[in-house]
Each structure stands twice: as structure tokens, then as C-alpha cells.
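Remarks on the overall topology
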Amino acid sequence: MQSNLSYLLLFCCFFFIKLSFSQDLPKKNKITIPAIKNDSLTLKKTDTLFSSKKENKLLKKKDSTSIDSIKPKETIEDLITHVAKDYTIQDAKNKTVTLYNEANITYTDIDLKAGIVVIDYKKNTLFAKGIKDSTGYIQKPFFKQGNQESEQDSLIYNFKSKRAIIYGLKSQQGEMLTYGEKTKRVNDSTIYVRKIRFTTSEKENPDYYITTNKAKIVPGKKIIVGTSNLVLADIPTPLFIPFAYFPMTEKSVSGFLIPAFDTGSSQRGIGFQNGGYYFAVNDYVDLTLLGDAYSNGSWGVRVSSNYNKRYKFNGTFSFNFENNINGIRGFDDYSKANNFNIRWSHNQDQKASPNSRFTASVNLGSSRFFRESLNQFNVAQTQNNTFNSSINYSKTFVGTPFNMAVTASHQQNTNTQSITMTLPSLTLNMNRIYPFAGKNGVKKNPIQKLGFNYNMQGQYLINTTDDAFFTSKMFETARSGMQHRTSTNTNIKAFRYFTLSPSANYEETWQFDYINKTYDQANNRVVTDTLRGFKSYREYNLGVSLSTNIYGDFSFKKGRLKAIRHTFRPTISYTYRPDFRDNYLAQVQQSANPLDVIDYTLFDNGIYGAPSGGLSNAIGISLNNVLEAKVAPKDPESDEKNEKIMILNNLNFNSSYNIAADSLRWSNVSFSAGTRLFKDKLAVNFNGSLDPYQVNENGARINKFNPNIFRLSNANLTANYSISSKDFEKDSTDDTNNNSGNGANNPPDTMGAVIDPTNKFGKPNNNNNNTETKETKLYNSKIPWTLNLVYSATYRNNGLIPGEIGVHTLGFSGNLELSPKWKVGYSSGYDVKNGAFSFSRFNFTRDLDSWQFNFNWVPFGSNSSYTFFIGVKSSTLADLKWDKNKPPDRRLF
């Protein structure tokens, strides 16, 4: 608003200067402004605008308007054009120029439009206003400069004093709309406004506004207002503030963050959450400090930062720490726990370095953090029992087949509190090369198709627990090693329809720690010591496979079904691997009997395990099946082509037979199947394992086949189905159907959207940041809805007891739009085996145009809670809100 006003006043000054020299001239649409030099007007003798004697006298006479207020170095570089639809009157006697009806004055990127514009160069003033007609007050003065616009009822500007008065000002700065009844410009740095209103509602009659009688504006810097009152729907509320300060800058500014008071827990007493300070460090980095405090002594602190370097990288970092106290000190139920959580996300722009990339995704901390957190937390996090982190740097060596990756990873199970970390893992890969290829890489014969690749991996592995995390104890059991792999293979066409693929693999393992076992006679036990040192072993295997494709087509003459194709891909393979474990065996006495010994190798506890044991002469069998159908269009006379439908995506069987084994030669038969039905809306996957052998009373397999040939040892069935109201609309397109479906690789989120009650809207987080106001219309009995179903079941049979169902659940989630602005979300599930509902959550949202209402509710269970939020959508007035929450009652132990 301030910058608009400055441009407007400067422009009016320029326009007034020119008109003062052209009072007796006939009306013209274009007026050329002479250059300004040394604070005075320099005119050419040949200028037609000054040919009369009267005009020459005016030039000789000193004019107060001849000195411009702009800097001496600046000049007017363009034409000022004025246009009026009805007429332009130049009154030489009264020294005025009047533009009437759709008056328009332009200069460079400045555009002033008004119903009436009057220039009085005798009084050194410019006056602009609208026109009154039967429809009301129209053609109000409208000023535009670049992307900034302002509208006012009328304005008066004095060129000599550089002061102005504007009535009925309306201006927009970012998301903030400002309405001023009377605005007075004192100088370039001070503007006073009387009876001003601030709002982010774009309605002609705003939903709300903050009103104040007096305000002082420093253009481009700040707005300072006196006693202010919040008005909702033109009804004043009892909410007053003695003064307010609004920074007017396009850059982020530092400031306090207002906390939310919490009285929802009797265990921790009253307190506040999410109060703190925001630091706008610079254009690339910010910092937010937030804290919680409660009357029982519990407290928490959160530090978060966002950073962004255009075309380089961007990311976020957060650190959360909470000191949770339960009970009263001195009583038996008193407990205290410190929990923390660290999150870091970093992404490198692909343009920054095409041949190298650095990324990070870190989520680590105390296993009990989300379950014991006192803050308004994302309740869905309590359902995740794993933390995963990865920091990765990769580089491709241009002109070579080599690429490298260095990774630090972290896996944490919050149920068992076990932690596995690799600090770091180094991988060096050589892409497959063909040293015997012909000219220009031609590969025709088996020798030319012979390819080689290489892979090296090194790891430093740490296994620890929550208690030893970030202490020296976590390194005591660390293991390290390196592994080298290389392989070669080729393929040969055999008997026209078969492909023969011989291969060879070599592997060498280096370990920098090994074990040594000794017998402790005093305690009658075996003692295992871990020693540091270099040890290595080598392995290799040879193999060959024979494969082909068999097609079966079945045609139909009647109906829409035209044909069914069955693709059958059988593969038989042979693999030879010597017994490498025997070369590294050692023995140790395990009891007082010297003959009671056990075998072990130095590498048994190594990071890559011990060498493979037992001679392997294995014949592998693999059967893959695909079933497809061709269906004619519904209208036989249409130009549409036959549609290809996948009936069975895959049906696979795999097994092997070890010739060298003295017993149990057959391995389990593993199988898997998958299909997608109803235009890919239903995805079904089934897999399992068939055991051909019986088991003894201890559950160990014995060399005796099952009476029924196979025993189903385990099986898993999953099904995902998505449906919405759009699927029943006649004009729905295939694209809509495909978008509403979820495949096997992308199952619907039955836990619902991730809800963060601490965000400014208090509504589900997603990638759709569209805050456009919806138009309310009658649905005519059509209520949009979506439904996602997930079914999961597992089966186990160990051969000793009858098989049983392990997991048997049905999850469902979706949304229901009761109106364009009312939306209900839900997510729940039912445990069929245990006969109870799983974690359930409901979300109610209401779009209040410039406001947002949200209510999240977990009705039952250990996480029973709710969060309530109502506040302004705009980030400018994000603190204008009211939120209330009732977190779950937490027991630390």
C-alpha cells in the first residue's frame, strides 16, 4: 500500500508539471514530458508546445513546479498519456484540466484510472474521484504500478507541499487487505490513517476484520496501530488489544510465537505448548525455538530449521527433547523419563552436480518418544514401530564404468528397542563390460556377449539398544568387514527356441574381527572371545540355465471375449558350489568329556557370516505364468480397438533339488500369485511355501515325505480395494477410475492422512496446498465419498499342531463430503481373529472461507484423544486462532 501511494503521488507530480505548460493548447491524447536536468526543465527552441509568446513568458517566470522532487540523476524516460471517454476540458482562465468518464493516465508501468480527474495548477493540486449514477458510486480511482494495486474513493494531492489526503483507501499487500476511511500523507516516510480495517477475507463484506481508529504507516517498513478490536461478521467481539505492530516487508522477520494453553491433563497440571520465538536468520536459513511447560515440572523444547539454496540444496532439521514427570515426588507412582527425537531431511538439486548427489533422511531417537510425548503430536506416529535413517553420497566417475556410494544407515525397532547402524557402508560398483564385443559394441556370438561386473562393499556395523545409544558401549560389539564380488555370464541360442545362459561367480570376504572359543573348566562352559585382526575366505559357484517361452492362444467366436493368451516361461538351472566351510572348521570341547566337541569357524559371528557349508549340486526349477484376455468394445460399430485385459499378472512356482545332499534333497516349493481386477481397483496378492517333508516331535524336518505330498507351511493373502462416488457417475472417465484405484505396490493408507495438530490449520498434511475458497452449491442428493479397504491374512503350520491364522484384519478409511465445505474423514480396522476394532480416528473439517475449522478425534483405545482448532487460514494472521486438545493419558512405566 505504501509503495503504491508513493508511486501514485510521484506520478501525479510529473503529470501536473506538464499540464502547467500546455494550458492554451487544444486537447491531445499524448503529452511529451521534457527531460529534467539539474533540477530544472531544459526545453528545445523548436518544441511546438512552446511556440507562442505567452508560453515564452511562462518560461521566463519562475514556476514553483519547475523543480521536481525526484533525485537530480533521474529523468522521465517515457510519455505520459491521458485519455477520457467523454471529454477533456482545459480551462486557461482557472488554470485547470478536467478529464471526465473513464479517465486514464499512464506513464511507464504506472496506470491511474478514475471517473473524474481534475488538475488545478493554480493551487498545485490534483483531484481524482469516481462518478455517481443510478447504480451507485462507480469508477473509483484505481492505481496500479507493476504487481501492486490500490483503490480509493477519492484523493487530493498538493505538489508544492508534497502532501496528500486519500478517502476510502483499499489496498492489498500479500494476503493482507487494508481499508482506510481517511489517509493523510505527511511526507515520504510518514502516513497516518484514520478508522482502518485489516483482514485477509476477499469478500466485499469481509468475514472478519481487525479495526482501529488510528494507525501510523512507515512505507515499506511497518504499521503501528492503537487499540484494536476483532470484528466477526460485522459484530464487535470483546477481544481487544492495546496496540499492534505489523512489519511490512516481503522478507521473513523474527518474532514471538504465541503459545497454546493446555488444561486437558490432570496428571501434569496446567501449562502451555508451542510458545517460543522465530528467527529469520537470512534469506536462506530460519530457526524456530518452541517450548512446553507444565505445573508438575514436565517440560519440553523443540528446535527446528529450514534452509534452501536455490539450484543447490534444501532441507529441514528438527530436534525435540522432553522431560516427562508422572506422579508426585516422594510417592511410589513417581517416575521421570527423558526422551528425544532427531529428524533431518536434505535434498540436493540435480542441477547442482549431475555426477554426484548427497541426500539425507534421518529419524532417530528414544523408542518411547511418540508414545510418551506430552505435546500435541501426530497420533499416527504411535502406530509406527520402526525408525529408519539414511545419509547417502553417490558419485559416478564419468568416462569409466565405475560408480561409488557411501551410506550411513539406521534401523530402530521401538517395540524391542533394538538399534542397528552402519557407520558407514561403502559400495563400489563396476557396470557390466563386454571386453570381447565387436566394433561399435556389436554382440552377436556368445564370446562377444560375455560380460563381467564387479562389486565391492565395506561396512562398519553396530548393534545396540536404547540404553547404550550414543554411549561408548555401542561400539564394543561393533563388527566390520569387506566383501568383493565379480561375475561373468553370456547367453547362447540353443535348438532355436531355447536360451542357454552359463555363469560363474566369485566372492572374497575380508573380516577385521573374528572369534575364538575356549572351554572354561571351572565354570564348565564355552567362552567366546572376539578378537581384532584380519581374516579372509573365498567362495565361488558355477551355473547354467535353460529357458524358453511357450504361448497358448484360445480364440472365441461369440461374445465380446475374443481370445485368451497363456504365456508359460519354464526355466531349469544347475548350480555347483563346493563345501568351503570344511576348510575353516575348528573344534572346541564343550563339557568335561574330552570327546564332546563342537565345530565352529572363526567367521561365525562375522558381519558377512561364515563360509557356505555342504557341497551343492542343485537343480533349480522355475515356472512362471501370465494370463491375458482380449475383449472387443461394447459397440461393435465403433472405431475403438480391442481392449487388452490382464487376468493373472503372475503365477510363479520355484523349487530345487540338491543331488549332493544325503537327505532332504528337495527344497520347499515357494509360490506367488497376483492379479488386478475391476479396472485395477482391486489388487490381490497371494504367496506361500509348500514343504514336502514331515517333521519330528521337536519340529525338525525329517527325510520322509508328507502323506499328502505337500504341507502348506505358511501363506499370506492381501487385497486392496478402492472405490468412490465418481465410479458410479455415467460421465466418469477412465482416468478418474485409474486415479481412484490403488495397485498392489501402492496400497491405500488405512490409517488415514497424517494429522499434525500443531500446524497453523490443524488439518491433515498433504501435498495439496490449495486454499481456494469453494463455491457452495446444492449437491442434489449427490454426496461425494471415497472408501479404501485393505484385507490381510496370514497362515502358519509347523507340522506339529494344526495350522492357524496368525493375522486376520480388515482395514478401512475414506472421506465423506457432506457439502462442498463440510468434510468427514475416517480410518479404522477390525481384527477378525481377536474380535476387536483396531486404532480408529475421525476427522471433521469445515471450510469457513477465510477461516478453517478442524476436529480430530480418537474415540477409544490407549490413544484416546481429541484436538480442536479454529483459526484464520492466512499465514499473516496465523496467531489469530483457538485450539484445544486432550492428549492421551500417558504412563511412563
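Residues numbered from 1 in each chain as written. Predicted model: local features only at pLDDT ≥ 70, side-chain atom pairs only at ≥ 80, totals over all residues. Heavy atoms only, no water.

1. As for the packing of aromatic side chains
The full count for this structure, using the stated rule, is 23 aromatic pairs. Arranged with centres 5.2 Å apart and planes meeting at 5°, the rings of Y87 and Y100 form a pair that is stacked. Within this pair, whereas Y87 is found in strand β5 (residues 87-91), its partner Y100 is found in strand β6 (residues 96-107), the two being separated by 13 residues in sequence. According to the relative accessible area criterion, Y100 is partly exposed, its value standing at 25%. (Phe/Tyr/Trp six-rings, centres within 6.5 Å; stacked < 30°, edge-to-face > 60°. Helix = DSSP H or I, 4+ residues; strand = E, 2+ residues; numbered from the N terminus. Buried < 20%, exposed > 50% of the residue type's maximum accessible area, 1.4 Å probe, protein only.)

2. Notes on the environment of F142
By secondary structure assignment, the location of F142 is in strand β11 (residues 142-145). Of the residues examined, F142 reaches a relative accessible area of 27% and is grouped as partly exposed. Each C-alpha atom, one on F142 and one on D153, is 8.9 Å from the other, the two residues being 11 residues apart in sequence.

3. Concerning the pattern of salt bridges
Across all of its chains, the model carries 17 salt bridges by this definition. Across the pair E628 and K644 runs a salt bridge, and its minimum N-O distance is 3.1 Å. Of this pair, E628 sits in strand β42 (residues 616-631) while K644 sits in strand β43 (residues 643-658), and the two are 16 residues apart along the sequence. Taken together, the shared-partner salt bridges in this structure form one network comprising K203, D207, K821 and D849. (Salt bridge = Lys/Arg side-chain N within 4 Å of Asp/Glu carboxyl O.)

4. A word on the side chain of T422
With respect to the helices, strands and loops of the structure, T422 is situated in strand β32 (residues 418-433). Judged by its relative accessible area of 7%, T422 is buried. Polar contacts involving the side chain of T422 include one to the side chain of S409, which spans 2.4 Å. What T422 contacts, discounting residues up to four positions off in sequence, is T407, A408, S409, Q459, Y460 and L461. (Polar contact = N/O pair within 3.5 Å; in protein donor to acceptor, adjacent residues only side chain to side chain. Contact = heavy atoms within 4.5 Å.)

5. Quick look at a positive patch on the surface
Together, R163, K182, K184, R194, K195 and K214 make up a region of like positive charge exposed at the surface. Among the secondary structure elements, those contributing two or more residues to the positive patch are β15 (176-187) and β16 (190-199). Among the structural elements, K214 can be located in strand β17 (residues 208-218). For K214, a relative accessible area of 56% corresponds to the exposed category. (Patch = residues over 30% accessible without salt bridge, like charges linked within 9 Å, V, L, I, M, F, W, Y side chains within 5 Å. Areas by Shrake-Rupley, 256 points an atom, 1.4 Å probe, with all protein chains shown as cover. Lys, Arg positive; Asp, Glu negative; His and termini not counted. Charge placed at Lys NZ, Arg CZ, Asp CG, Glu CD.)

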